[in-house]
Protein chains: 2
Amino acid sequence: MASLQSLRANCRKVMCIGRNYADHIKELNSAKPKQPFFFLKPPSALLLPDQGPVLRPRGVTMHYEVELGLIMGKTVKDLHPEDTEGAMDAIEGYLLAIDMTARNVQDEAKRKGLPWSIAKGFDTFLPISNLIAKSKIPNPHNAHLWLSVNGQVKQSDNTELMLFRIPRQLSDISRVMSLEKGDIVLTGTPKGVGPVVTGDVMKAGLKVDGKDIEEANIEVL
Amino acid sequence: MASLQSLRANCRKVMCIGRNYADHIKELNSAKPKQPFFFLKPPSALLLPDQGPVLRPRGVTMHYEVELGLIMGKTVKDLHPEDTEGAMDAIEGYLLAIDMTARNVQDEAKRKGLPWSIAKGFDTFLPISNLIAKSKIPNPHNAHLWLSVNGQVKQSDNTELMLFRIPRQLSDISRVMSLEKGDIVLTGTPKGVGPVVTGDVMKAGLKVDGKDIEEANIEVL
Ligand SMILES: [Mg+2]
Ligand SMILES: [Mg+2]
Ligand SMILES: [Mg+2]
């Protein structure tokens, strides 16, 4: 698998699914989507482990959203929604990511019918863990995501709760735009999102069969 | 300047400004923005000259938007809005682009407060011209953009009509996200946008001082 550095240097697209866990939809008072919907984050938002803290822009209410990330290993186009094998073959590995969101900016964009790119796209708004080998997550629909702030657990749920599973996600994305090698797909966040402020320490982790697979410590300055 | 092929292979971000010409805002019944706003197109949407036609997805009302594109030559962060020299120094060259838009998908996204990424992001939704050397456009705020469909001129306006000029655009973008070498910035479209259907031929061009800049021809079948 490619290194983190080459991922940072070569990733050309970060596609994120919104509203993919029922309880998270409720907490934001959002409508349950009939089909997956997606938005782009710019690769310039990527923050590697030990690259420093997430930076809170002035006037921004910054929320964390812990998510399982897929690293694409090949070009995928027009994938069939039931082609589970095709979807799994196209995944090169995983990572844990926090889809940082300027919630007040996003709320205003939603009200005005404007794009989400700014709310989702600030520099450092995509802290990621080390790369996770594919073999470490035998079933990406059975992994446990958690995130704590200052030692308090805020998010803790299993990926089995996804409304739209990964083959359907990759199908819907790839029928709009080709996924390319090195692209990252974020698969949505479970309930428990909330704000962080300067000085907070976020920790996020992923467990498979009760065993810690990867732990990412992310500080907010 | 880099080649088109290396731009296609290495471009990591396409940032587009919305509502940057007053008459275009009127024609879409949009609100005039107090500050520039932006959205991302994925690099996978890029369509080089002679790479074939723009493909209309089923059920999509596809609109053209001709725009002057900037190719960034260096990393820019937190540019001051009045730093005209800094802005111009950061530009490596130009291109002409058509920001193809799934207007019905975008209208629905606006109504529902959803992201624009799908409406703007289909494969082939970013046809571009050959690269235009910086020296060919001495003043990017005085260039004439035009677009015709089946020989009928639909858009024809000067870039002097931009509401927010390029230094302000690069400032506002780079205070949210770093612009990196090879990134493309689309500077907005003048009035006259409209639909194209399968079989239509779009031509677009750019004139400086009444002279056609040869490299800026786009033909789409
Ligand atoms: Mg968007
Ligand atoms: Mg998210
Ligand atoms: Mg446009």
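(A) Here's a closer look at the interface of chain A and chain B. Between chain A and chain B, the residue contacts involve 32 residues of the former and 31 residues of the latter. At the boundary of chain A with chain B, total buried surface from both sides reaches about 2,700 Å², with 58% on carbon and sulfur atoms. The three residues of chain A that bury the most area against chain B are Arg12(A), Pro115(A) and Val176(A), which together make up 24% of that side's buried surface. At the junction of chain A and chain B, the tally comes to four salt bridges. Residues Glu180(B) and Arg8(A) are paired through a salt bridge, measuring 3.5 Å at the closest nitrogen-oxygen approach. On the surface where chain A and chain B come into contact, there are 18 residue pairs in polar contact (both at pLDDT 80 or more). Within the residue set of the side of chain A that touches chain B, elements represented by two or more residues are helix H1 (4-10), strand S2 (37-41) and helix H5 (117-121) of chain A. It is S2(A) that contributes the most residues to the side of chain A that touches chain B, five residues altogether.

(B) Quick peek at the environment of Ser174(B). All names here are of chain B. Along the chain, serine 174 falls in helix H6 (residues 166-174). Relative accessible area serves as the criterion here: at 1%, serine 174 is assigned to the buried category. Residues serine 174 and aspartate 78, spaced 96 residues apart in sequence, show a C-alpha to C-alpha distance of 5.1 Å. Apart from the residues lying within four places of it in its own chain, the contact partners of serine 174 are Val76, Lys77, Asp78 and Leu79.

Calculation criteria
Residues numbered from 1 in each chain as written. Chains lettered and ligands numbered in written order. Predicted model: local features only at pLDDT ≥ 70, side-chain atom pairs only at ≥ 80, totals over all residues. Heavy atoms only, no water. Contact = heavy atoms within 4.5 Å. Buried area = accessible area lost by both parts, 1.4 Å probe. Salt bridge = Lys/Arg side-chain N within 4 Å of Asp/Glu carboxyl O. Polar contact = N/O pair within 3.5 Å; in protein donor to acceptor, adjacent residues only side chain to side chain. Helix = DSSP H or I, 4+ residues; strand = E, 2+ residues; numbered from the N terminus. Buried < 20%, exposed > 50% of the residue type's maximum accessible area, 1.4 Å probe, protein only.

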